[in-house]
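The residues making up each chain are set out below.
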Amino acid sequence: MLEMGEDVSRAGCRVGIAKMTHKEMSHNHLKVDQVYKAYSMAEARLIVVDIDLLLRPVLHPEKAFEGSSILVSRNEIMKCLQHVAGQKGNVLWLLSSATAQELKSWFGDMHGLDQIGFAAEDGYCYKWPGSPVGRWDIKMEIDNGWKDVALGLMRQYTERTNGSYVDDEKTTSVTWHWERCNPDFGTLQGKELQNHLKEMLSHFPVRIIKGKTYVRVRHEGVTKGALVEHVIKHYNTRGGVDFVLGLGDDVADCDMFEVIAAYHRDAQYRVVSSSETMKEVKVFTCCVGRQPSVANYCLYCAEEVFELMSGLYLQIKRQGRYHSMVELGTVFSRPQSI
């Protein structure tokens, strides 16, 4: 039995954890000590986070998925991200289904924003780490001839499904939401809409995705996976990375997990240019919540993600403190000249 609202076509990835209790999922639960150890030993780190899973419960609690509750404030999340992005050797990318304008409004007053990479609309437009906040690139030009067809059908379902609504403000996608509806009826309507859209849009270059509480039609060339693949290729030309952490909470993140897993298969070791030594590449992909996923690990809720991210910053801080104490101990252990 699949988790309510999941896409059956994605059920091949870890079907065994669907409808499981938290205890039953524990053997797949991410071991943070393993992550921290790999993080501390790495020199070049790529951290990719679906930022919606952290900010959605804070900014839009009515849209929060099951297991998404978080007990921290927006300012605490921003401070945590700022610390992680500012650490030497880190490259932090924040991915979102929101528009670039929405991301700018969420992060507009955050210090060190230029150090973070952003991808809006699942990778349609993006900003590289180190680039000015106002400089965004577009992945590809989009032909939206399919949009009117999709919108017409979605509006029919909105009229007959109390509480549902359509989001048509994005360039590359349109989405029908039912999180405010009766969950059983919304799920049935979502599945029916998904099938109708597949029939009507079969000749268009689009993908129809059924998430937990939505059905989305988006251009087939715009995915989080395609963006992450582009990012990894970019850093491979600059020596690669020896630590990758990918965090997401939705079926739309499966492409990202698959790309990260492919990178691990192709680059299990990285040559460190400074010493010409080989370092093993450590990769962690993690899906948040109870659902089938191609990710290797799971976390139960967004609060665990925040705790994990906060711990990353502390690892290097503690490591620096340890080295300082070792150096201090060496000084005091030297024989004193008389």
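Residues numbered from 1 in each chain as written. Predicted model: local features only at pLDDT ≥ 70, side-chain atom pairs only at ≥ 80, totals over all residues. Heavy atoms only, no water.

### Quick look at the environment of Leu55
Then step 1. Mapped onto the elements of the fold, Leu55 is located in helix α2 (residues 52–59).
Then step 2. Taking C-alpha positions, Leu55 is 9.7 Å from Met78, a pair spaced 23 residues apart along the chain. (Helix = DSSP H or I, 4+ residues; strand = E, 2+ residues; numbered from the N terminus.)

### Some points on unusual backbone geometry
Then step 1. For Glu121, which is not glycine, the phi torsion reads 50 degrees and is therefore positive.
Then step 2. Looking at the secondary structure, you find Glu121 in the loop between β3 (117–120) and β4 (125–127).
Then step 3. Take Glu121: its relative accessible area is 7%, and that puts it in the buried class.
Then step 4. The phi dihedral of Asp122 falls on the positive side, at around 60 degrees, and the residue is not glycine.
Then step 5. Inspection of the secondary structure puts Asp122 in the loop between β3 and β4. (Buried < 20%, exposed > 50% of the residue type's maximum accessible area, 1.4 Å probe, protein only.)

### Here's the deal with the pattern of salt bridges
Then step 1. Scanning the model with the defined rule gives 13 salt bridges in all.
Then step 2. For the salt bridge of Asp167 with Lys170, the shortest nitrogen-to-oxygen distance reads 2.5 Å. No difference in accessibility class separates Asp167 from Lys170, as the two residues are buried.
Then step 3. Of the charged contacts, one joins Arg218 and Asp255 as a salt bridge, the two residues approaching to 3.3 Å between their closest N and O atoms. Residue Arg218 is found in strand β9 (residues 214–219), and its partner Asp255 is found in helix α8 (residues 254–266); the two are separated by 37 residues along the sequence. For the pair Arg218 and Asp255, a shared accessibility class is recorded, and that class is buried.
Then step 4. One network of salt bridges, in which partners are shared, links Asp50, Asp122, Arg207, Arg216, Arg218, Lys224, Asp253 and Asp255. (Salt bridge = Lys/Arg side-chain N within 4 Å of Asp/Glu carboxyl O.)

### So, the sheet that holds strand β2 (residues 90–95)
Then step 1. In spatial order, the strands read β5-β4-β3-β2-β1-β10-β13-β14; together these eight strands make up an open sheet with mixed pairing. Because the sheet does not close on itself, it has two edges, and the strands there are β5 (137–138) and β14 (297–299).
Then step 2. Pairing of strand β13 (residues 282–288) with β14 involves three bridges; the strand directions are parallel. Of the residues in β14, the one forming a bridge with Val288 is Leu299.
Then step 3. Against the sheet, helix α1 (residues 32–41) engages β1 (45–50), β2, β10 (243–248), β13 and β14, with an angle of about 140 degrees to β13.
Then step 4. Together, β1, β2, β10 and β13 form the strand contacts of α2, whose direction differs from that of β1 by roughly 35 degrees. (Pairing = 2+ DSSP bridges. Contact = heavy atoms within 4.5 Å. Axes fitted to C-alpha atoms, helices over the stretch in contact; angles between N-to-C directions.)

### Regarding helix α3 (residues 74–86)
Then step 1. With 13 residues, α3 ought to run about 18 Å at 1.5 Å a step, and its terminal C-alpha atoms sit 18 Å apart, in line with that.
Then step 2. Every buried residue belonging to α3 is among Ile77, Met78, Cys80, Leu81, Val84 and Ala85, and all of these are buried. End-on view of α3: buried residues confined to an arc of 160 degrees, all on one side of the axis. Away from its buried face, by an angle of more than 90 degrees, α3 presents the exposed residues Asn75 and Lys79. (Expected span 1.5 Å × (residues − 1). Arc of directions from axis to C-beta.)

### A short note on the nonpolar core
Then step 1. Core analysis: the biggest nonpolar cluster contains 49 residues, and Ile47, Leu81, Leu92, Leu94, Phe107, Phe243 and Met309 have the highest contact counts within it.
Then step 2. Residues in contact with Ile47, not counting those within four places in the same chain, are Tyr39, Val84, Asn90, Val91, Leu92, Trp93, Phe243, Leu245, Met309 and Leu312.
Then step 3. Ala44, Ala119, Trp128 and Ala295 belong to the second largest nonpolar core, which has 26 residues in total. (Core = buried A, V, L, I, M, F, W, Y, C linked by side-chain atoms within 4.5 Å.)

### Looking at helix α5 (residues 147–160)
Then step 1. Compared with the 20 Å implied by 1.5 Å per residue over 14 residues, the 20 Å span of α5 between its first and last C-alpha is a close match.
Then step 2. Considered for burial, the residues of α5 that qualify are Lys147, Ala150, Leu151, Leu153, Met154 and Tyr157.
Then step 3. Of the surrounding elements, those touching the buried residues of α5 are β6 (165–167), β7 (173–177), α6 (183–200) and β9.

### Notes on the sheet that holds β9
The pairing of strands in a sheet happens through backbone hydrogen bonds and is either parallel or antiparallel.
Then step 1. Ordered by their spatial adjacency, four strands build an open sheet running β6-β7-β9-β8, and the pairing between neighbours is antiparallel. One side of each edge strand has no neighbouring strand; the edge strands of this open sheet are β6 and β8 (206–210). Ignoring strand direction, the axes of neighbouring strands in this sheet form an average angle of 15 degrees.
Then step 2. In this sheet, β9 lies alongside β7 in antiparallel orientation, the contact comprising five bridges. Residue pairing across strands places Trp176 opposite Val215, the latter belonging to β9.
Then step 3. Along the sheet face, α5 touches β6, β7 and β9 and points at about 10 degrees away from the line of β7.
Then step 4. Sheet contacts for α6: β7, β8 and β9; angle to β8, the most-contacted strand, approximately 165 degrees.

### Here's the deal with the confidence of the model for the protein
Then step 1. Looking at the protein as a whole, its pLDDT mean stands at 82, while 80% of the residues score no less than 70.
Then step 2. Note on residues 1–26: pLDDT under 50 across the span, and 62 contacts to partners over four residues away in sequence or across chains.
Then step 3. In this model residues 322–333 is a low-confidence stretch, pLDDT under 50, and it forms one contact with partners more than four residues away in sequence or in other chains. (pLDDT = per-residue confidence, 0-100.)

### Notes on the packing of α5 against α6
Then step 1. Between α5 and α6, whose axes approach to 11 Å, the crossing angle comes to 155 degrees. In terms of axis orientation, α5 runs roughly antiparallel to α6. Pair α5 / α6 crosses with right-handed handedness. Contact with α5, carried on its side by Val149, Ala150, Leu153, Met154, Tyr157 and Arg160, involves Phe185, Gln189, Glu192, Leu193, His196, Leu197 and Met200 of α6 and no other residues of that element.
Then step 2. Partitioned by chemical class, the residues of the contact of α5 with α6 number nine nonpolar, two polar and two charged. (Parallel < 35°, antiparallel > 145°, perpendicular 65-115°, else oblique. Left-handed = near helix turned anticlockwise from the far one by under 90°. Nonpolar A, V, L, I, M, F, W, Y, C, P; charged D, E, K, R; others polar.)

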